[in-house]
Amino acid sequence: MAGVSASHLIIFIASMMVAASVVGVFTDSVGQLSDAISEQGVDVSSDVRSDIEIISDSGSDAIYNADGNENITLHVKNTGTLQLPARADRLDIFVDGAYQTDVEVTLVGGAEVWGAGDVVRVDISEPLDPGDHRVKIVVNGDEEVFEFRT
């Protein structure tokens, strides 16, 4: 009888050790998952508050080569609630699928920062052939596409 009690005691102690190990692993995993969800929430919040609209008229002659320099001029409005960086190095711009680096961004209307409701003028230096073209602007995760004809 004493042998059975000792073996039950050993099995009980072993099962408690296994249970404690499992609890430790689950606690650590749940903590990491919680941290990841918190970080994702901050990123989603920033993306939701970032919103732009290209407000230029696609049928206007002022879009391409208006000043004779073979550049594309677009007006982009911040329609979100987050203040956005009005700097060319913080915008990702593609013209007909090609990434553009020769870009100038200027705040319009005397604004000092690109806040909600403010407009920037984006000048893209890119010679284009006659025909249909597409510009894609990505700011802080939000993207807008503008199509026009030269």
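To start, this report covers the structure provided alongside it. Keep in mind that what you see is a predicted model, and the values were worked out from it rather than measured.

Rules of the game
- Residues numbered from 1 in each chain as written.
- Predicted model: local features only at pLDDT ≥ 70, side-chain atom pairs only at ≥ 80, totals over all residues.
- Heavy atoms only, no water.
- Pairing = 2+ DSSP bridges.
- Helix = DSSP H or I, 4+ residues; strand = E, 2+ residues; numbered from the N terminus.
- Core = buried A, V, L, I, M, F, W, Y, C linked by side-chain atoms within 4.5 Å.
- Buried < 20%, exposed > 50% of the residue type's maximum accessible area, 1.4 Å probe, protein only.
- Contact = heavy atoms within 4.5 Å.
- Polar contact = N/O pair within 3.5 Å; in protein donor to acceptor, adjacent residues only side chain to side chain.

Further remarks concern the pairing of strand β7 (residues 132–139). When strand β3 (residues 92–95) meets β7, the two strands line up antiparallel, connected through four bridges. Among the inter-strand pairings, Val95 is bridged to a residue of β7, identified as Val135. Pairing analysis gives eight bridges linking β7 to strand β8 (residues 142–149), with the strands arranged antiparallel. From the neighbouring strand, His133 faces β8, where its bridge partner is Phe148. Linkage of β7 to β8, two consecutive antiparallel strands, is achieved through a turn of two residues, within which Asn140 is found at a positive phi near 55 degrees.

As a further point, take the sheet that holds β7. Strand order in the open sheet formed by four strands is β4-β3-β7-β8, with antiparallel pairing between adjacent strands. Unpaired on one side and paired on the other, β4 (98–99) and β8 mark the two borders of the sheet.

Looking now at the nonpolar core. Formed by 23 residues in total, the largest nonpolar core has its most connected members in Ile72, Val122, Val135 and Ile137. Going through the elements one at a time, β1 (52–54), β2 (71–78), β3, β5 (103–107), β6 (119–125), β7 and β8 are the ones with two or more residues in this core. With sequence-adjacent residues up to four places away left out, Val122 is seen in contact with Ile72, Thr73, Leu74, Val76, Leu91, Ile93, Val103, Glu104 and Val105.

A few words now on the side chain of Thr73. For Thr73, the position within the fold is in strand β2. You can call Thr73 buried: its relative accessible area is 14%. Of note is the side chain of Thr73, whose polar atom sits 2.9 Å from the side chain of Asp123.

Further remarks concern the pairing of β3. What you see with β3 is a clean split: Ile93 and Val95 sit on the buried side and Asp92 and Phe94 on the side with no burial. Note: β3 against β4, two bridges, orientation antiparallel. Counted as the bridge partner of Val95 is Ala98 from β4. Hairpin remark: β3 followed by β4, antiparallel, with two residues in the connecting loop; positive phi at Asp96, about 50 degrees.

Even without a glycine there, the phi angle at Glu70 is positive, about 55 degrees. Examined against the element boundaries, Glu70 turns out to sit in the loop between β1 and β2. The exposure class of Glu70 is partly exposed, given its relative accessible area of 38%.

Treat this as a map of the structure, not an account of what it does.
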